[in-house]
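Listed here are the chains, written in short residue letters.
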Amino acid sequence: FITDGGMETTLIFENGLELAHFASFVLLDDQQGLEALRNYYASYLTLAHEQGVGIILDTPTWRANPDWGNRLGYSAADLEDVNRRGVALLEELRPETDEGPLLVISGCLGPRGDGYRVDAVMRPDEAERYHTPQIRTFADTSADLVTALTLTYADEAIGVVRAARNAGIPAVISFTVETDGRLPDGQSLGEAIEAVDEATDESAAYFMLNCAHPTHFESVLEGPWIGRLRGLRANASSKSHAELDEATELDSGDPLELATQYATLRSRNPHITVVGGCCGTDQRHIREICAVAVAS
């Protein structure tokens, strides 16, 4: 399976849209925004069809949780509605025949705090309560699973998995790491994955890495936990989170170089079967990943 690339960076830097707080779910509220999202998703569905692969697409709801919604003027009822409409948009685009690519619809969650730093720290039980409304909303739609992207510490991930288990929907956990391959709170990737599995009886469907460059994590992909890591959504840029946070121009890196790095990682870790991109990546990167990393 492939995923899309960096939704928000594409919409901002390539499509010229303004997204306050990096929130793409606001585009669901007007016709122009809806059309931009439709075109964005449709381009990746076309790519998946051309390449003969399945595709997992996330709803544009990474920021559609209470804290970020409140900053943008959305009530709890507003957020429930927008999360439902995010799934409905992807359902509208789901191929009606077997001739199209297999589309898996993922209800997208983001961290309560910033995706680059550890803030708004919660215990697992607090995280479970916090994320439950959004997860229950997705579980009441046609979403196939939920994916929590850019998580920065294990306790929040534990809460997400528990909330999803209670709601009866599969959960994917995607951590981000710093340039040293460790989570922003300093814990190693392996320790974080093992902590989540131990606290949830391995209830997570699988784990992913996103919003980091392969050079940041390639040296840490080993250990008894490695088979639980099934997906990669790397950044195009090798810059650190701090550098990217201050950047005013998009660093899209080298699509072929990124794809070659993916190919190397997949040759060592054949269990990685979900590949896509994060910040700075677009169709060019995913096309090269299909040609180089998936084909190999």
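Above this text sits the structure in question.
Now for a look at the structure at hand. (Residues numbered from 1 in each chain as written. Predicted model: local features only at pLDDT ≥ 70, side-chain atom pairs only at ≥ 80, totals over all residues. Heavy atoms only, no water.)

1. Some details on the side chain of T10
Logical step 1: Looking at the element boundaries, T10 is found in helix α1 (residues 7–14).
Logical step 2: Residue classification places T10 among the buried residues on the basis of a relative accessible area of 7%.
Logical step 3: Excluding residues within four positions of it along the chain, T10 makes contact with N15, Y40, T281 and D282. (Helix = DSSP H or I, 4+ residues; strand = E, 2+ residues; numbered from the N terminus. Buried < 20%, exposed > 50% of the residue type's maximum accessible area, 1.4 Å probe, protein only. Contact = heavy atoms within 4.5 Å.)

2. Remarks on the layout of surface pockets
Logical step 1: In this structure, the largest pocket spans a volume of roughly 660 Å³.
Logical step 2: Lining the largest pocket are 34 residues, and of these E8, T9, F22, Y116 and C279 lie nearest its centre.
Logical step 3: Mapped onto the lining of the largest pocket, the elements with two or more residues apiece are α1, β3 (145–151) and α9 (241–246).
Logical step 4: Here the element with the most residues in the lining of the largest pocket is α1; it accounts for 4 residues.
Logical step 5: Here the residues of the lining of the largest pocket are counted per class, giving 14 nonpolar, 11 polar and 9 charged. (1 Å grid on protein atoms, 1.4 Å probe; cavity = no way out; pocket = protein on both sides within 12 Å on 5 of 7 lines; lining within 4 Å. Points joined across faces, edges and corners; volume = space filled by probe spheres on them. Nonpolar A, V, L, I, M, F, W, Y, C, P; charged D, E, K, R; others polar.)

3. Side note on the sheet that holds strand β7 (residues 274–277)
Logical step 1: Reading across the sheet, the 7 strands line up as β1-β2-β3-β4-β5-β6-β7 and stay open at both edges, with parallel pairing between neighbours. Here the strands that pair on one side only, and so sit at the sheet edges, are β1 (55–58) and β7. When strand polarity is set aside, the average angle formed by the axes of neighbouring strands in this sheet is 25°.
Logical step 2: Each of β2 (103–109) and β3 touches helix α5 (residues 124–139); the most contacted strand, β2, lies at about 160° to it. (Pairing = 2+ DSSP bridges. Axes fitted to C-alpha atoms, helices over the stretch in contact; angles between N-to-C directions.)

4. What to know about the state of the cysteines
Logical step 1: Evaluated as defined, the whole model comprises 0 disulfides.
Logical step 2: With no disulfide partner, C211 has as its closest neighbouring cysteine sulfur the one in C279, 3.8 Å distant.
Logical step 3: Not part of a disulfide, C290 finds its nearest cysteine sulfur in C278, a span of 17 Å. (Disulfide = S-S within 2.5 Å.)

5. Here we look at the pairing of strand β5 (residues 206–210)
Logical step 1: By the criterion of burial, β5 is predominantly enclosed, with 5 of the 5 residues buried.
Logical step 2: Neither face of β5 is exposed, since Y206, M208 and N210 on one face and F207 and L209 on the opposite face are all buried.
Logical step 3: In this structure, strand β4 (residues 171–175) lies alongside β5, joined through 4 bridges in parallel fashion. Within β5, the position partnered with F175 by the bridge is L209.
Logical step 4: For the crossover that starts at β4, traverses helix α7 (residues 189–200) and ends in the parallel β5, the hand is right-handed. (Right-handed = clockwise from strand over helix to strand, strands pointing away.)

6. Topic: the pairing of β2
Logical step 1: With 7 of its 7 residues buried, β2 lies for the most part within the structure.
Logical step 2: With burial as the criterion, each face of β2 is covered, one bearing L103, I105, G107 and L109 and the other bearing V104, S106 and C108.
Logical step 3: Pairing of β1 with β2, which is carried by 4 bridges, proceeds in the parallel orientation. When the sheet's bridge partners are listed, I55 is paired in β2 with L103.
Logical step 4: The pairing of β2 with β3 spans 4 bridges and is parallel. Residue pairing in the sheet places G107 in a bridge with V146 of β3.
Logical step 5: Regarding the hand of the β-α-β motif, the stretch spanning β2, α5 and β3 is right-handed.

7. Concerning helix α11 (residues 283–294)
Logical step 1: Looking only at α11, the buried set comprises H285, I286, I289, C290 and A293. For α11, the buried positions fall inside an angular range of 140° around the axis, keeping them on one side.
Logical step 2: Those residues of α11 that are buried are in contact with α2 (31–51), α10 (255–268) and β7.
Logical step 3: For α11, the N-terminal capping position is held by D282, with its side-chain oxygen 2.9 Å away from the main-chain nitrogen of R284. (Arc of directions from axis to C-beta. Polar contact = N/O pair within 3.5 Å; in protein donor to acceptor, adjacent residues only side chain to side chain.)

8. Remarks on the environment of L47
Logical step 1: Within the secondary structure, L47 is located in helix α2.
Logical step 2: For L47, a relative accessible area of 0% puts it in the buried group.
Logical step 3: Once the C-alpha coordinates of L47 and I2 are considered, the two residues, 45 residues apart in sequence, prove to be 9.5 Å apart.
Logical step 4: Those residues in contact with L47 that lie beyond four places of it in its chain are I2, Q283, I286 and R287.

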